[in-house]
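# Tertiary structure, described
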Amino acid sequence: ARKFSNFYSSAPVTASLFICAGKYAILGAAPFPLGGTILTQDLLRSENSEVSSMNILVIGCDQVGAALVRDLEHIGHDISLIEKDSEQLKRLYNFGGTALVGDPTDPDVLKQGGIENCDAVAAVSEDDSVNLMAAQIAKSIFQREKVICRVSDPHLQVLYHKVYGLETICPTILTEQAVFRALAK
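Parameters and conventions
- All residue numbers refer to positions counted from 1 along the written sequence of the respective chain.
- Totals for whole chains, interfaces and linings use all residues, but because this is a predicted model, local features are given only for residues with pLDDT of at least 70 and pairs of side-chain atoms are given and counted only at 80 or more.
- With hydrogens and water stripped out, all remaining heavy atoms of the structure feed into the side-chain values.
- Only the contacting stretch of a helix is used when fitting its axis, a line to C-alpha atoms as for every element, and angles between N-to-C directions run 0 to 180 degrees.
- Helix and strand definitions here come from DSSP, where helices need a minimum of 4 consecutive H or I residues and strands a minimum of 2 consecutive E residues; each element is numbered from the N-terminal end.
- The cut-offs work like this: below 35 degrees is roughly parallel, past 145 is roughly antiparallel, 65 to 115 is roughly perpendicular, and the gaps in between are oblique.
- In a left-handed crossing the near helix is turned counterclockwise from the far helix by less than a right angle, and in a right-handed crossing that turn is clockwise.
- Should any heavy atoms of two residues lie within 4.5 Å, those residues are counted as being in contact.
- Residue exposure (1.4 Å probe, protein chains only): buried if accessible area is under 20% of the type maximum, exposed if over 50%, otherwise partly exposed.
- When DSSP finds at least two bridges between two strands, those strands are taken to pair.
- By the criterion used throughout, a crossover qualifies as right-handed when its path from the first strand across the helix to the second strand runs clockwise, the strands pointing away from the viewer.

### Considerations on the packing of helix α4 (residues 128-140) against helix α5 (residues 154-164)
Running from N to C, α4 and α5 cross one another at 15 degrees; their axes reach a closest spacing of 12 Å. One way to sum up the angle between α4 and α5 is to call them roughly parallel. Handedness of the crossing formed by α4 with α5: right-handed. For the pair α4 and α5, contact is made by Asp-128, Ser-129, Leu-132 and Gln-136 and by Leu-156, Tyr-160 and Tyr-164, respectively.

Put into structure tokens, the structure is as follows:
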């Protein structure tokens, strides 16, 4: 794995955030021409709660992963990132964490990415099978308690949750629900 940090992009990306049942879900991302992020600390926490700094390992740097990294870093979390494709790292803008290029389903790469010392893992790549494998390894081999797994296929979301006990987020379902609510107004 090769180590990269501080990649810059001319088109920063931000995410759409929906809060469902007290949990956060990044639905997608879109270019934000002025730079920075749309999300603020106020959107990511209730008014009376404190955000304590966490060490978070993010797997995947597509639009969702890059936006998640940016927003988590913006509110003070320490972020490490693992991505298979070095070109994807160009999405990062003023990234102050550590980024590795490597296979996130390889336990040695996960160790290099800091999985042994992280408080949470977010497997949010575009590939459901990579997310599942990385999340399973994080849970079973490295005994990480807080593991979030992005699953685009609604049928796999149910399977991953029931069979593997993973906390899953399905952007397909969340998008459908948001569109449904918008149309029902």
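### Considerations on the pairing of strand β4 (residues 55-59)
Residues in a regular strand project their side chains so that they alternate between the two faces of the sheet. Of all five residues that make up β4, four are buried, and the element is covered over most of its length. Judged from the five bridges that link them, β4 and strand β5 (residues 78-83) form a sheet pairing that is parallel. Counted as the bridge partner of Val-58 is Leu-81 from β5. In terms of handedness, the path from β4 via helix α2 (residues 63-74) over to β5 forms a crossover that is right-handed. Alignment of β4 against strand β7 (residues 120-123), held across four bridges, turns out to be parallel. When the bridges of β7 are listed, Ile-59 appears paired with Ala-123.

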